[in-house]
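# Topology and contacts: notes
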Amino acid sequence: MEEYAREPCPWRIVDDCGGAFTMGVIGGGVFQAIKGFRNAPVGIRHRFRGSVNAVRIRAPQIGGSFAVWGGLFSTIDCGLVRLRGKEDPWNSISSGALTGAVLAARSGPLAMVGSAMMGGILLALIEGVGILLTRYTAQQFRNAPPFLEDPSQLTPKEGSPAPGYPNYQQYH
Amino acid sequence: MPVAVGPYGQSQPSCFDRVKMGFVMGCAVGMAAGALFGTFSCLRIGMRGRELMGGIGKTMMQSGGTFGTFMAIGMGIRC
(Lines give C-alpha, C1' and ligand atoms only; values in the text may rest on other atoms or scores of the structure.)
Protein backbone atom coordinates (compact mmCIF):
# COMPACT_ATOMS: atom_id res chain seq x y z
CA MET A 1 0.00 0.00 0.00
CA GLU A 2 2.23 2.80 -1.23
CA GLU A 3 -0.54 5.09 -2.42
CA TYR A 4 -0.34 7.26 0.69
CA ALA A 5 2.42 8.68 2.85
CA ARG A 6 3.12 6.00 5.41
CA GLU A 7 4.28 6.57 8.96
CA PRO A 8 7.92 5.76 9.71
CA CYS A 9 8.69 2.51 11.49
CA PRO A 10 7.76 1.39 14.09
CA TRP A 11 4.60 3.53 14.28
CA ARG A 12 3.65 2.21 10.86
CA ILE A 13 2.91 -1.17 12.41
CA VAL A 14 0.22 0.27 14.65
CA ASP A 15 -1.14 2.46 11.87
CA ASP A 16 -1.38 -0.38 9.36
CA CYS A 17 -2.84 -2.78 11.91
CA GLY A 18 -5.63 -0.34 12.75
CA GLY A 19 -6.20 0.56 9.12
CA ALA A 20 -6.45 -3.09 8.13
CA PHE A 21 -8.92 -3.78 10.94
CA THR A 22 -11.11 -0.87 9.85
CA MET A 23 -11.00 -2.01 6.23
CA GLY A 24 -11.95 -5.53 7.28
CA VAL A 25 -14.82 -4.44 9.50
CA ILE A 26 -16.32 -2.04 6.97
CA GLY A 27 -15.73 -4.22 3.92
CA GLY A 28 -16.76 -7.35 5.76
CA GLY A 29 -19.81 -5.51 7.04
CA VAL A 30 -20.85 -4.62 3.50
CA PHE A 31 -20.52 -8.15 2.17
CA GLN A 32 -22.03 -9.79 5.24
CA ALA A 33 -24.98 -7.40 5.12
CA ILE A 34 -25.70 -8.58 1.59
CA LYS A 35 -25.18 -12.23 2.47
CA GLY A 36 -27.29 -12.02 5.62
CA PHE A 37 -30.07 -10.29 3.72
CA ARG A 38 -30.15 -12.99 1.07
CA ASN A 39 -30.00 -15.91 3.50
CA ALA A 40 -32.77 -14.69 5.77
CA PRO A 41 -36.37 -15.95 5.55
CA VAL A 42 -38.84 -14.03 3.41
CA GLY A 43 -40.18 -10.82 4.93
CA ILE A 44 -38.58 -7.40 5.25
CA ARG A 45 -38.23 -7.63 9.03
CA HIS A 46 -36.64 -11.07 8.86
CA ARG A 47 -34.23 -9.97 6.16
CA PHE A 48 -33.24 -6.81 7.97
CA ARG A 49 -32.63 -8.70 11.19
CA GLY A 50 -30.66 -11.35 9.27
CA SER A 51 -28.52 -8.59 7.81
CA VAL A 52 -27.85 -6.98 11.17
CA ASN A 53 -27.07 -10.30 12.85
CA ALA A 54 -24.65 -11.37 10.13
CA VAL A 55 -22.81 -8.05 10.32
CA ARG A 56 -22.72 -8.06 14.11
CA ILE A 57 -21.29 -11.57 14.30
CA ARG A 58 -19.02 -11.81 11.27
CA ALA A 59 -17.66 -8.29 10.72
CA PRO A 60 -15.43 -8.28 13.83
CA GLN A 61 -14.01 -11.67 12.85
CA ILE A 62 -13.17 -10.43 9.36
CA GLY A 63 -11.70 -7.26 10.83
CA GLY A 64 -9.58 -9.35 13.16
CA SER A 65 -8.22 -11.41 10.29
CA PHE A 66 -7.32 -8.27 8.38
CA ALA A 67 -5.68 -6.77 11.45
CA VAL A 68 -3.53 -9.87 11.99
CA TRP A 69 -2.43 -9.86 8.37
CA GLY A 70 -1.80 -6.13 8.27
CA GLY A 71 0.02 -6.05 11.58
CA LEU A 72 2.27 -9.00 10.77
CA PHE A 73 2.95 -7.67 7.27
CA SER A 74 4.03 -4.29 8.64
CA THR A 75 6.16 -5.86 11.34
CA ILE A 76 8.05 -7.94 8.80
CA ASP A 77 8.25 -4.98 6.43
CA CYS A 78 9.80 -2.78 9.13
CA GLY A 79 12.16 -5.61 10.05
CA LEU A 80 13.35 -5.83 6.44
CA VAL A 81 13.76 -2.06 6.23
CA ARG A 82 16.02 -2.23 9.27
CA LEU A 83 17.95 -5.22 7.98
CA ARG A 84 18.42 -4.07 4.40
CA GLY A 85 18.73 -0.38 5.14
CA LYS A 86 16.54 0.67 2.22
CA GLU A 87 12.89 0.83 1.25
CA ASP A 88 11.72 -0.52 -2.10
CA PRO A 89 9.02 -2.75 -3.60
CA TRP A 90 11.02 -5.89 -2.82
CA ASN A 91 10.44 -5.29 0.87
CA SER A 92 6.67 -5.36 0.36
CA ILE A 93 6.78 -8.44 -1.83
CA SER A 94 9.02 -10.34 0.58
CA SER A 95 6.85 -9.27 3.50
CA GLY A 96 3.72 -10.49 1.70
CA ALA A 97 5.30 -13.86 1.04
CA LEU A 98 6.59 -14.25 4.59
CA THR A 99 3.26 -13.16 6.09
CA GLY A 100 1.42 -15.74 4.00
CA ALA A 101 3.88 -18.41 5.05
CA VAL A 102 3.72 -17.61 8.76
CA LEU A 103 -0.07 -17.51 8.88
CA ALA A 104 -0.29 -20.90 7.15
CA ALA A 105 2.24 -22.52 9.49
CA ARG A 106 -0.40 -24.61 11.26
CA SER A 107 -1.31 -26.31 7.99
CA GLY A 108 2.15 -27.71 7.32
CA PRO A 109 5.13 -26.84 5.11
CA LEU A 110 3.35 -27.45 1.82
CA ALA A 111 0.55 -25.02 2.68
CA MET A 112 3.17 -22.53 3.85
CA VAL A 113 4.86 -22.59 0.44
CA GLY A 114 1.53 -22.16 -1.33
CA SER A 115 0.46 -19.26 0.87
CA ALA A 116 3.88 -17.64 0.54
CA MET A 117 3.59 -17.77 -3.25
CA MET A 118 0.08 -16.32 -3.14
CA GLY A 119 1.14 -13.54 -0.78
CA GLY A 120 4.18 -12.70 -2.86
CA ILE A 121 2.26 -12.67 -6.13
CA LEU A 122 -0.49 -10.51 -4.67
CA LEU A 123 1.96 -7.92 -3.31
CA ALA A 124 3.85 -7.96 -6.60
CA LEU A 125 0.61 -7.13 -8.41
CA ILE A 126 -0.14 -4.33 -5.97
CA GLU A 127 3.34 -2.89 -6.42
CA GLY A 128 3.04 -3.26 -10.18
CA VAL A 129 -0.24 -1.37 -10.33
CA GLY A 130 1.22 1.29 -8.03
CA ILE A 131 4.21 1.77 -10.34
CA LEU A 132 1.98 1.99 -13.41
CA LEU A 133 -0.15 4.57 -11.62
CA THR A 134 2.95 6.61 -10.81
CA ARG A 135 3.90 6.63 -14.48
CA TYR A 136 0.37 7.63 -15.43
CA THR A 137 0.59 10.55 -13.03
CA ALA A 138 3.94 11.56 -14.50
CA GLN A 139 2.43 11.37 -17.97
CA GLN A 140 -0.39 13.64 -16.87
CA PHE A 141 2.13 16.12 -15.52
CA ARG A 142 4.02 16.16 -18.80
CA ASN A 143 0.82 17.09 -20.61
CA ALA A 144 0.61 20.36 -18.68
CA PRO A 145 3.07 22.42 -20.83
CA PRO A 146 0.72 22.58 -23.86
CA PHE A 147 -1.75 24.48 -21.69
CA LEU A 148 0.90 26.95 -20.65
CA GLU A 149 1.76 27.73 -24.25
CA ASP A 150 -1.70 29.03 -25.06
CA PRO A 151 -1.40 32.36 -23.18
CA SER A 152 1.90 33.19 -24.89
CA GLN A 153 0.36 32.43 -28.26
CA LEU A 154 -2.31 35.03 -27.64
CA THR A 155 0.26 37.73 -26.94
CA PRO A 156 1.63 38.09 -30.53
CA LYS A 157 -1.92 38.50 -31.83
CA GLU A 158 -2.22 41.71 -29.88
CA GLY A 159 0.32 43.35 -32.15
CA SER A 160 1.75 46.11 -30.02
CA PRO A 161 3.75 44.97 -26.96
CA ALA A 162 2.12 47.47 -24.62
CA PRO A 163 -1.40 45.94 -24.52
CA GLY A 164 0.09 42.43 -24.73
CA TYR A 165 2.00 42.69 -21.51
CA PRO A 166 -1.02 43.18 -19.19
CA ASN A 167 -2.79 40.35 -21.00
CA TYR A 168 0.21 38.14 -20.44
CA GLN A 169 0.14 38.94 -16.75
CA GLN A 170 -3.55 38.26 -16.63
CA TYR A 171 -3.06 34.67 -17.69
CA HIS A 172 -0.45 34.03 -15.04
CA MET B 1 -2.10 9.34 -5.34
CA PRO B 2 -2.42 11.19 -8.62
CA VAL B 3 -2.75 14.93 -8.30
CA ALA B 4 -4.88 16.96 -10.69
CA VAL B 5 -2.42 19.12 -12.59
CA GLY B 6 -3.56 22.19 -14.49
CA PRO B 7 -1.91 25.24 -16.03
CA TYR B 8 -2.51 27.19 -12.84
CA GLY B 9 -1.01 24.77 -10.36
CA GLN B 10 -2.04 21.67 -8.46
CA SER B 11 -5.17 20.91 -6.50
CA GLN B 12 -5.73 18.04 -4.13
CA PRO B 13 -8.33 15.53 -5.33
CA SER B 14 -11.48 15.20 -3.28
CA CYS B 15 -12.23 12.26 -1.04
CA PHE B 16 -14.59 10.87 -3.64
CA ASP B 17 -11.86 10.96 -6.28
CA ARG B 18 -9.49 9.11 -3.98
CA VAL B 19 -12.08 6.44 -3.23
CA LYS B 20 -12.77 6.08 -6.93
CA MET B 21 -9.07 5.73 -7.71
CA GLY B 22 -8.74 3.15 -4.93
CA PHE B 23 -11.61 1.17 -6.37
CA VAL B 24 -10.13 1.24 -9.87
CA MET B 25 -6.72 0.17 -8.61
CA GLY B 26 -8.27 -2.53 -6.47
CA CYS B 27 -10.23 -3.84 -9.44
CA ALA B 28 -7.07 -3.94 -11.56
CA VAL B 29 -5.12 -5.84 -8.91
CA GLY B 30 -8.07 -8.09 -8.14
CA MET B 31 -8.70 -8.99 -11.77
CA ALA B 32 -5.02 -9.70 -12.39
CA ALA B 33 -4.88 -11.88 -9.28
CA GLY B 34 -8.13 -13.55 -10.29
CA ALA B 35 -6.70 -14.30 -13.72
CA LEU B 36 -3.62 -15.97 -12.23
CA PHE B 37 -5.22 -17.92 -9.39
CA GLY B 38 -8.38 -18.59 -11.37
CA THR B 39 -6.42 -20.14 -14.20
CA PHE B 40 -4.60 -22.38 -11.77
CA SER B 41 -7.67 -23.56 -9.87
CA CYS B 42 -9.86 -24.03 -12.96
CA LEU B 43 -7.17 -26.06 -14.70
CA ARG B 44 -6.83 -28.20 -11.61
CA ILE B 45 -10.58 -28.87 -11.57
CA GLY B 46 -10.25 -29.99 -15.16
CA MET B 47 -12.00 -27.21 -17.06
CA ARG B 48 -11.08 -26.83 -20.72
CA GLY B 49 -11.96 -24.61 -23.64
CA ARG B 50 -14.96 -22.31 -23.32
CA GLU B 51 -15.77 -23.62 -19.85
CA LEU B 52 -12.26 -22.70 -18.73
CA MET B 53 -12.54 -19.16 -20.06
CA GLY B 54 -15.92 -18.77 -18.42
CA GLY B 55 -14.58 -19.96 -15.09
CA ILE B 56 -11.58 -17.66 -15.24
CA GLY B 57 -13.76 -14.71 -16.21
CA LYS B 58 -16.06 -15.34 -13.29
CA THR B 59 -13.14 -15.59 -10.86
CA MET B 60 -11.68 -12.37 -12.24
CA MET B 61 -14.92 -10.48 -11.74
CA GLN B 62 -15.42 -11.79 -8.21
CA SER B 63 -11.83 -11.07 -7.25
CA GLY B 64 -11.86 -7.64 -8.87
CA GLY B 65 -15.10 -6.64 -7.20
CA THR B 66 -14.04 -7.78 -3.76
CA PHE B 67 -10.57 -6.29 -3.95
CA GLY B 68 -11.89 -3.05 -5.42
CA THR B 69 -14.38 -2.65 -2.60
CA PHE B 70 -11.79 -3.21 0.09
CA MET B 71 -9.23 -0.86 -1.45
CA ALA B 72 -11.85 1.83 -1.96
CA ILE B 73 -12.66 1.56 1.75
CA GLY B 74 -8.95 1.67 2.54
CA MET B 75 -8.61 4.92 0.60
CA GLY B 76 -11.75 6.31 2.19
CA ILE B 77 -10.58 5.89 5.77
CA ARG B 78 -7.36 7.75 4.95
CA CYS B 79 -8.94 10.89 3.50
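Just so you know, these numbers come straight off a predicted model, no measurement behind them.

### With respect to the overall build of chain A
Secondary structure summary: chain A contains six helices and zero strands in total. When the helices and strands of chain A are placed in sequence order, the string is α-α-α-α-α-α. Of all 172 residues assigned to chain A, the portion counted as buried reaches 32%. Within chain A, residue pairs in contact and separated by at least 24 positions form 52% of the contacts whose partners lie at least 6 positions apart. Carbon and sulfur atoms make up 66% of the accessible area of chain A, which totals about 11000 Å².

### Remarks on the UniProt feature "transmembrane region" in chain B
Here, UniProt's "transmembrane region" annotation points to residues 22-44 of chain B. Helix makes up 100% of residues 22-44 of chain B and strand makes up 0%, while its end C-alpha atoms are separated by 32 Å.

### Describing the pattern of salt bridges
A side chain with one charge can pair with a side chain of the opposite charge if their charged atoms come near. Residue and element names in this part refer to chain A. If you walk through the whole model with that rule in mind, you get four salt bridges over all chains. For Arg12, the salt bridge identified is with Asp77, shortest N-O distance 2.9 Å. Remark: Asp77 occurs in helix α2 (residues 44-84) and Arg12 occurs in helix α1 (residues 11-39); sequence separation between them is 65 residues. A single burial state applies to Arg12 and to Asp77, both of which are buried.

### Some details on α2(A)
One turn of an α-helix holds 3.6 residues; hence residues three or four places apart share an orientation. Residues and elements named next belong to chain A. A rise of 1.5 Å per residue sets the reference length of α2, with its 41 residues, at 60 Å; its end C-alpha atoms lie 57 Å apart and thus fit the reference within 8%. The principal kink in α2, of about 35°, is found at Arg58, preceding the proline Pro60 by one to four residues. Trailing α2 by a residue or two, Gly85 shows a phi angle of about 80°, which is positive.

### Side note on helix α4 (residues 109-142) of chain A
Here α4(A) contains 34 residues, and its C-alpha end-to-end distance of 49 Å stays within 8% of the 50 Å for a straight helix at 1.5 Å per residue. What α4(A) keeps buried is the set Ala116(A), Gly119(A), Gly120(A), Leu123(A), Leu125(A), Ile126(A), Glu127(A), Val129(A), Gly130(A) and Leu133(A). In this fold, the buried residues of α4(A) make contact with α2 and α3 (89-103) of chain A together with α1 (15-45) and α2 (49-76) of chain B.

### Notes on the nonpolar core
Counting residues in hydrophobic clusters, the biggest one holds eleven residues: Phe73(A), Ile93(A), Leu123(A), Leu125(A), Ile126(A), Val129(A), Leu133(A), Met25(B), Val29(B), Ala33(B) and Met71(B). Of all the secondary-structure elements, those providing two or more residues to this core are α4 of chain A together with α1 of chain B. Of the residues forming this core, the biggest block, five residues, is contributed by α4(A).

### A word on a nonpolar patch on the surface
A cluster of nonpolar side chains, contributed by Ile26(A), Val30(A), Phe31(A), Ile34(A) and Ile77(B), occupies part of the molecular surface with about 360 Å² of accessible area. Tracing the sequence through the fold places Ile26(A) in helix α1. Its relative accessible area of 36% is what places Ile26(A) among the partly exposed residues.

### A look at the UniProt feature "transmembrane region" in chain A
Residue and element names in this part refer to chain A. Within this structure's numbering, the places UniProt gives as "transmembrane region" are residues 17-37, 61-77 and 113-133. Annotated as residues 17-37, this span is 100% helix and 0% strand, and its ends, taken at the C-alpha atoms, are 29 Å apart. End-to-end, the C-alpha atoms of residues 113-133 are 30 Å apart, and along that stretch the chain is 100% helix and 0% strand.

### Details of the packing of α2(A) against α3(A)
Residues and elements named next belong to chain A. α3 packs onto α2 with a crossing angle of 130° between their chain directions and a minimal axis gap of 8 Å. Comparing the axis directions of α2 and α3 gives the class oblique. When the axes of α2 and α3 are compared, the crossing they make is right-handed. Residue-level contacts link Val68, Trp69, Leu72, Phe73, Ile76, Asp77, Leu80, Val81 and Arg84 of α2 to Trp90, Asn91, Ser92, Ser94, Ser95, Gly96, Leu98, Thr99, Gly100, Val102 and Leu103 of α3.

Cut-offs and rules
- Residues numbered from 1 in each chain as written.
- Chains lettered and ligands numbered in written order.
- Predicted model: local features only at pLDDT ≥ 70, side-chain atom pairs only at ≥ 80, totals over all residues.
- Heavy atoms only, no water.
- Helix = DSSP H or I, 4+ residues; strand = E, 2+ residues; numbered from the N terminus.
- Buried < 20%, exposed > 50% of the residue type's maximum accessible area, 1.4 Å probe, protein only.
- Contact = heavy atoms within 4.5 Å.
- Areas by Shrake-Rupley, 256 points an atom, 1.4 Å probe, with all protein chains shown as cover.
- UniProt positions renumbered as here; feature names shortened; annotations may be inferred.
- Salt bridge = Lys/Arg side-chain N within 4 Å of Asp/Glu carboxyl O.
- Expected span 1.5 Å × (residues − 1).
- Bend = angle between axes of the 7 residues up to and from the residue.
- Core = buried A, V, L, I, M, F, W, Y, C linked by side-chain atoms within 4.5 Å.
- Patch = residues over 30% accessible without salt bridge, like charges linked within 9 Å, V, L, I, M, F, W, Y side chains within 5 Å.
- Axes fitted to C-alpha atoms, helices over the stretch in contact; angles between N-to-C directions.
- Parallel < 35°, antiparallel > 145°, perpendicular 65-115°, else oblique.
- Left-handed = near helix turned anticlockwise from the far one by under 90°.

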